[in-house]
Amino acid sequence: MTSSPNRLIAAIFGAVYLLVGLAGFAVTSSAQFAGTEGGTLIVFEVNPLHNIIHLAIGAALLLGSRTVAGAKGVNTTVGAVYLLVGVVGLFLLNSGANILALNGADNVLH
């Protein structure tokens, strides 16, 4: 089995995303599925849709970590999408289109 930094990063971040997605459900029991407001997980606002996206990203990263090419592909894709989310999120904070309950802390992280 070939080891690479891409595989390690995909595996670690995949596990973290799965844990964050699961932890998010603990604070969003009363939040609407998709909306501008959600529960607070540390300093990040999350709603059930946001949690499901975290779970999907975690699963994709873990699956991609099985091969070097898969890890490189999934890391590049997730990185590009998060860069886009970080930029677009700046314009969505005070908008009804903010269905993931993004807040300023989310944008800084992205």
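The paragraphs below set out a description of the structure included in this document. (Residues numbered from 1 in each chain as written. Predicted model: local features only at pLDDT ≥ 70, side-chain atom pairs only at ≥ 80, totals over all residues. Heavy atoms only, no water.)

The residue Ile-42 is not glycine, and still its phi comes out positive at about 60 degrees. With phi around 55 degrees, Ala-101 is a residue other than glycine that occupies positive phi space. Mapped onto the elements of the fold, Ala-101 is located in the loop between helix 3 (68-92) and helix 4 (104-109). (Helix = DSSP H or I, 4+ residues; strand = E, 2+ residues; numbered from the N terminus.)

Once that is clear, we can look at the side chain of Asn-98. Note that Asn-98 resides in the loop between helix 3 and helix 4. Assessed through its relative accessible area of 1%, Asn-98 is described here as buried. A polar contact is formed between the side chain of Asn-98 and the backbone nitrogen of Leu-102, at a distance of 2.9 Å. (Buried < 20%, exposed > 50% of the residue type's maximum accessible area, 1.4 Å probe, protein only. Polar contact = N/O pair within 3.5 Å; in protein donor to acceptor, adjacent residues only side chain to side chain.)

Under the defined criterion, the tally for this structure stands at one aromatic pair. When the centroid spacing of 5.8 Å and the interplanar angle of 50 degrees are considered together, the rings of Tyr-17 and Tyr-82 count as tilted. Pair noted here: Tyr-17 is in helix 1 (residues 5-27) and Tyr-82 is in helix 3, with a separation of 65 residues, a long-range link. In terms of burial, Tyr-17 and Tyr-82 fall into one category: buried. (Phe/Tyr/Trp six-rings, centres within 6.5 Å; stacked < 30°, edge-to-face > 60°.)

Bringing helix 2 (residues 48-64) into the picture now. For helix 2, built from 17 residues, the straight-helix expectation of 24 Å at 1.5 Å per residue is met to within 8% by its first-to-last C-alpha distance of 24 Å. Among all positions of helix 2, only Pro-48, Leu-49, His-50, Asn-51, His-54, Ile-57, Gly-58, Leu-61 and Gly-64 are buried. (Expected span 1.5 Å × (residues − 1).)

Counting residues in each nonpolar core, the largest one holds eight residues, listed as Ala-10, Tyr-17, Ile-57, Leu-61, Ala-71, Val-74, Val-78 and Tyr-82. Counting residues per element, this core draws most heavily on helix 3, which supplies four residues. With sequence-adjacent residues up to four places away left out, Val-74 is seen in contact with Ala-10, Ala-60, Leu-61 and Gly-64. (Core = buried A, V, L, I, M, F, W, Y, C linked by side-chain atoms within 4.5 Å. Contact = heavy atoms within 4.5 Å.)

Moving on to a nonpolar patch on the surface. Together, Leu-8, Ile-9, Ile-12, Phe-13 and Val-16 give the surface a local cluster of nonpolar side chains, amounting to about 450 Å² of exposed area. Structurally, the position occupied by Ile-9 is in helix 1. For Ile-9, a relative accessible area of 42% puts it in the partly exposed group. (Patch = residues over 30% accessible without salt bridge, like charges linked within 9 Å, V, L, I, M, F, W, Y side chains within 5 Å. Areas by Shrake-Rupley, 256 points an atom, 1.4 Å probe, with all protein chains shown as cover. Salt bridge = Lys/Arg side-chain N within 4 Å of Asp/Glu carboxyl O.)

Attention now goes to the packing of helix 1 against helix 2. Where helix 1 contacts helix 2, the two axes come as close as 7 Å, and the packing angle between them is 160 degrees. Viewed along their axes, helix 1 and helix 2 adopt a mutual orientation that is roughly antiparallel. Seen from above, helix 1 lies across helix 2 with left-handed handedness. Of the residues in helix 2, those in contact with Ala-10, Ala-11, Phe-13, Gly-14, Ala-15, Tyr-17, Leu-18, Val-20, Gly-21, Leu-22, Gly-24 and Phe-25 of helix 1 are Pro-48, Asn-51, Ile-52, His-54, Leu-55, Ile-57, Gly-58, Ala-59, Leu-61 and Leu-62. The residue inventory of the contact of helix 1 with helix 2, partitioned by class, reads 16 nonpolar, six polar and no charged. (Axes fitted to C-alpha atoms, helices over the stretch in contact; angles between N-to-C directions. Parallel < 35°, antiparallel > 145°, perpendicular 65-115°, else oblique. Left-handed = near helix turned anticlockwise from the far one by under 90°. Nonpolar A, V, L, I, M, F, W, Y, C, P; charged D, E, K, R; others polar.)

Coordinates in, geometry out; function isn't part of it.
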